[in-house]
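# Observations on the model geometry
Each chain, written out:
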Amino acid sequence: MTNPQPLLVFERAARAYGASVAVAGVDCAIAAGSFVALVGASGSGKSTLLKMVNALVEPTGGRVLFSGEDVTRLAPARLRRRVGYVFQGIGLFPHMNVAQNIAIGPRLTGEKTTPERIADLLRLVELEPGLASRMPDELSGGQRQRVGVARALASAPELLLMDEPFGALDPVTRDALGRKVRELHERLGLTTVMVTHDMAEALLLADRVLVMDQGKLVADTTPRALLAGEGGPVAQRLVAVPRGQAERLAAMERSA
Amino acid sequence: MAPVWDILPGLGDKLAAHVVLSASAIGLAMLIALPLAVWASRSQAVARLSLSLASLVQTIPALALLALFFPLLLSLRAVFGEDLPTLGFLPALMALTLYALLPILRNTVTAQANLDPGVLEAADGVGMTKWQKLTLVEAPLSAPFIMAGIRTASVWTIGAATLATTIGQPSLGDPIFAGLQTQNWALVVAGCLASAGLALVADWLLWWVERGIRQRRRWQWAGALLAVVAGVSAALWAQTDSAEGRRIVIAAKQFSEQYILARLIGSRLEAAGYKVEYRDGLGSAVVHGAVAASSIDISVDYTGTIWTNYLGRKDNPGREAMYETIREWEWRENGVRVLGRLGFENAYAFAMREDRARELGVSSLIDLAAVAPSLTVGGDPEFFERPEWIAVRDAYGLNFAKRRNFAPTFMYNALASGEADVISAYTSDGRIAADRLVVLEDPEGALPSYDAMIMLSPRIAGDEGVVAALTPLLGAIGVEAMRAANLAVDREDAHKLTPEQAAAWLARQAGLAK
């Protein structure tokens, strides 16, 4: 534990669905201001662990503390308004335009979001303020996910959770939006937890990488240490993929 | 016969009643189905149970469903007291509401089940409470499908509401049933046109609402909805407007004689300054209870019917004793005043073709018994099971060669064609006069009498104005006149009369009008 007051703490957090165990007791603390990537293969339990934070999934064992409070003791709706949430499905409300989608979080607590604030949020995710009146089905996939990020940021969350946020995007958009999110993380002083199955994305964006396998945390270290060969066999198998790709590309470049 | 176009403008009252009834039933069905569907979307058991119950209701014919509410409400009087209406608006509303449930429920449940799970996760993710999720996300996204269900329910309900006539609720079914009974096809067509037109207009307006919601055009769905609300309000206003001061409600069962007599009674009351209202096409079984409950004020009933069906008697003490017993019983048990007898009977009797009767030398049932072993007797489908037949058979020792059942209409044809030598007829039936049939005498008095009586509900039993207006009718309607009037309504040629015209003719025959 580097920070004496971590923003997020998992204490033997576990979740089972009947006989199958999704998360098998995770201990971990996440300091305020850090950008953490949660990496693992499909079915490793990373999404389930993330959803325990905003109470979309209730733990069947252990606890999750947010600012020192057990999340299951908080009213779910109020907790979720303090936590921005971006996920692969995006889930823009199809009957609301872009501005209404972005303003939904504040609206739930009876706050108004001014058009200026909407424009600022759109600019933040590099969208034209003129898109505010468009409907979601008039946007491209990348634009939609940008709106999803803007919506998550609209209520000035203490914590940003992202569940495979760029999974459905083309590589160019994916790269640009990843950089943008990292930049916003710095600029807005966010604490970010991002679930991804793409180790390259984790290594490039995060300053701490957690690797999950079969419901357990098998590695917890920095991207640099992972690249240096630390973190154990599961983590190294995941690191090997982008590294091998990079080496093959470099070799092709040399022979060209 | 009046052309359809002349009838339509006169259906305003019925249209207003039809609109109010249908709109109330759909509104009530929405109030029940929408929360139920929300509950069902959160519980598989509720979904399965409510949908199967609603489907079960759909399998009951609408006519039967309407009729079933009469005994149900009657038994509920034990709980809610004697003021609970058993006929008219309440049972019609309840039955039609049940009928409208299924399409609304099914569409709402389906819409909820087909919502994008990503959108629902986002609703939770942004911190919506369950209520906010319902109102901000689930309801608006399901709305077009729910509207489609409401549209279906509306068309069904407007169609089925025509059947409300049979339980004493005015609707566009009134002209349809009246027309069917008196074979006035223009009236039937007018009623069908009006109710089909209403269904089309409702469907069209609700389609605009549905489309407006789907395309998120607020002015469009709000405008269409406003038109619906305006239509219903206008109907409501027209109804309350016409309801100032209660009118005298006159019943007519489902045959021509009843329509004619109701008009005859009604026209005399109108001449005396009363406002009257007709409840036509009522099921025979509901009329008696309705008069006792004052849901209906005046009916014409028959001594034999009340004797067997309500007093449960099988004996035959003779015409006068039967009448006096009924009069006394109605007053004591139900507070119903039997004002008196009109003068004719609509009884079961045996009828023969004039030439055949002469040929066989038959003029009474005693003569008939002698030749019966070589004859064929025809009866309506229930006749040979009825106590009247058994009484006659035993009293005269009737023993026919052959017994055949015919639908009432074909009975007369069978007689004409010689397939039957003698039939069970109704004494006031117009066809007796038309076919020049001989009604055989019953010297033993074996057939119970079916004297037509005017019955007054407890509400108006003491109204001297009504009594004075109707007393001249007592003893004034002979069976020949009644037969002729019935025939005039039943016939399908140029001499066909409406029940109103036949009533006026009957009044002249009775010397009650010029």
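Fair warning: this is a prediction, and the values are worked out from it, not measured in the lab. (Residues numbered from 1 in each chain as written. Chains lettered and ligands numbered in written order. Predicted model: local features only at pLDDT ≥ 70, side-chain atom pairs only at ≥ 80, totals over all residues.)

Across its full length, chain B carries 22 helices and 10 strands. The buried share of chain B, taken over its 514 residues, is 46%. Counting contacts in chain B only where the partners sit at least 6 residues apart, residues at least 24 apart contribute 79% of the total. (Helix = DSSP H or I, 4+ residues; strand = E, 2+ residues; numbered from the N terminus. Buried ≥ 20, exposed ≤ 12 C-beta atoms within 10 Å, placed from the backbone. Contact = placed C-beta atoms within 7 Å.)

Let us look at unusual backbone geometry. Non-glycine residue Glu126 of chain A carries a positive phi angle of around 60°. Residue Glu126 of chain A is classed as partly exposed on the basis of its C-beta count, with 14 C-beta atoms lying within 10 Å. Positioned with a positive phi, Arg216 of chain B is a non-glycine residue whose angle comes to about 55°. Considering the arrangement of structural elements, one finds Arg216 of chain B in the loop between α9 (185-214) and α10 (218-242). Residue classification places Arg216 of chain B among the partly exposed positions, given that 15 C-beta atoms sit within 10 Å.

Note: strands within a sheet are paired through backbone hydrogen bonds, in either parallel or antiparallel orientation. Residues and elements named next belong to chain B. With mixed pairing, the 5 strands of this open sheet are ordered in space as β7-β6-β8-β5-β9. Whereas interior strands pair on both sides, the edge strands pair on one side only; in this sheet they are β7 (402-405) and β9 (437-439). If you compare each strand with its neighbour and ignore which way they point, the axes differ by 35° on average. Here strand β6 (residues 376-379) runs beside strand β8 (residues 422-426); their pairing, made up of 2 bridges, is parallel. Bridged to Gly378 within β8 is Ile423. (Pairing = 2+ DSSP bridges. Axes fitted to C-alpha atoms, helices over the stretch in contact; angles between N-to-C directions.)

On the chain B side, the residues contacting the 18 residues of chain A number 15 residues. Those elements that place two or more of their residues in the side of chain A that touches chain B are α2 (76-81), β6 (83-87) and α4 (104-108) of chain A. Of the residues forming the side of chain A that touches chain B, the biggest block, 4 residues, is contributed by α2 of chain A. For the side of chain A that touches chain B, the class distribution of residues is 9 nonpolar, 5 polar and 4 charged. (Nonpolar A, V, L, I, M, F, W, Y, C, P; charged D, E, K, R; others polar.)

Attention shifts here to helix α17 (residues 387-396) of chain B. One full turn of an α-helix is made of 3.6 residues, so residues set three or four places apart face in the same direction. Residue and element names in this part refer to chain B. Those residues of α17 that fall on the buried side of the exposure criterion are Glu388, Trp389, Val392 and Tyr396. Down the axis of α17, the smallest arc covering the buried residues is 100°, so these residues share one side. Those residues of α17 hidden inside the fold are in contact with β5 (348-353) and α16 (365-371). Trailing α17 by a residue or two, Gly397 shows a phi angle of about 60°, which is positive. (Arc of directions from axis to C-beta.)

On to the pairing of strand β7 (residues 159-163) of chain A, then. A regular strand places its side chains so that they alternate between the two faces of the sheet. All names here are of chain A. Counted residue by residue, β7 has 5 buried out of 5 residues, so it is predominantly covered. The sheet contact formed by β7 and strand β8 (residues 192-196) spans 4 bridges and is parallel. Its bridge partner lying in β8, Met162 is registered against Met194. The handedness of the β7 to β8 crossover, carried by helix α7 (residues 171-188), is right-handed. (Right-handed = clockwise from strand over helix to strand, strands pointing away.)

This part covers the sheet that holds strand β4 (residues 61-66) of chain A. Residue and element names in this part refer to chain A. Read from one edge of the open sheet, 4 strands run β2-β1-β4-β5, paired in antiparallel fashion. Both edges of this open sheet fall to β2 (20-30) and β5 (69-70), since each of them pairs with a single strand only. Looking at chain direction, strand β1 (residues 8-17) and β2 are connected through 8 bridges and run antiparallel. Among the inter-strand pairings, Leu8 is bridged to a residue of β2, identified as Ile30. Taken strand by strand, helix α1 (residues 46-53) contacts β1, β2 and β4, and its axis lies near 120° from that of β1.

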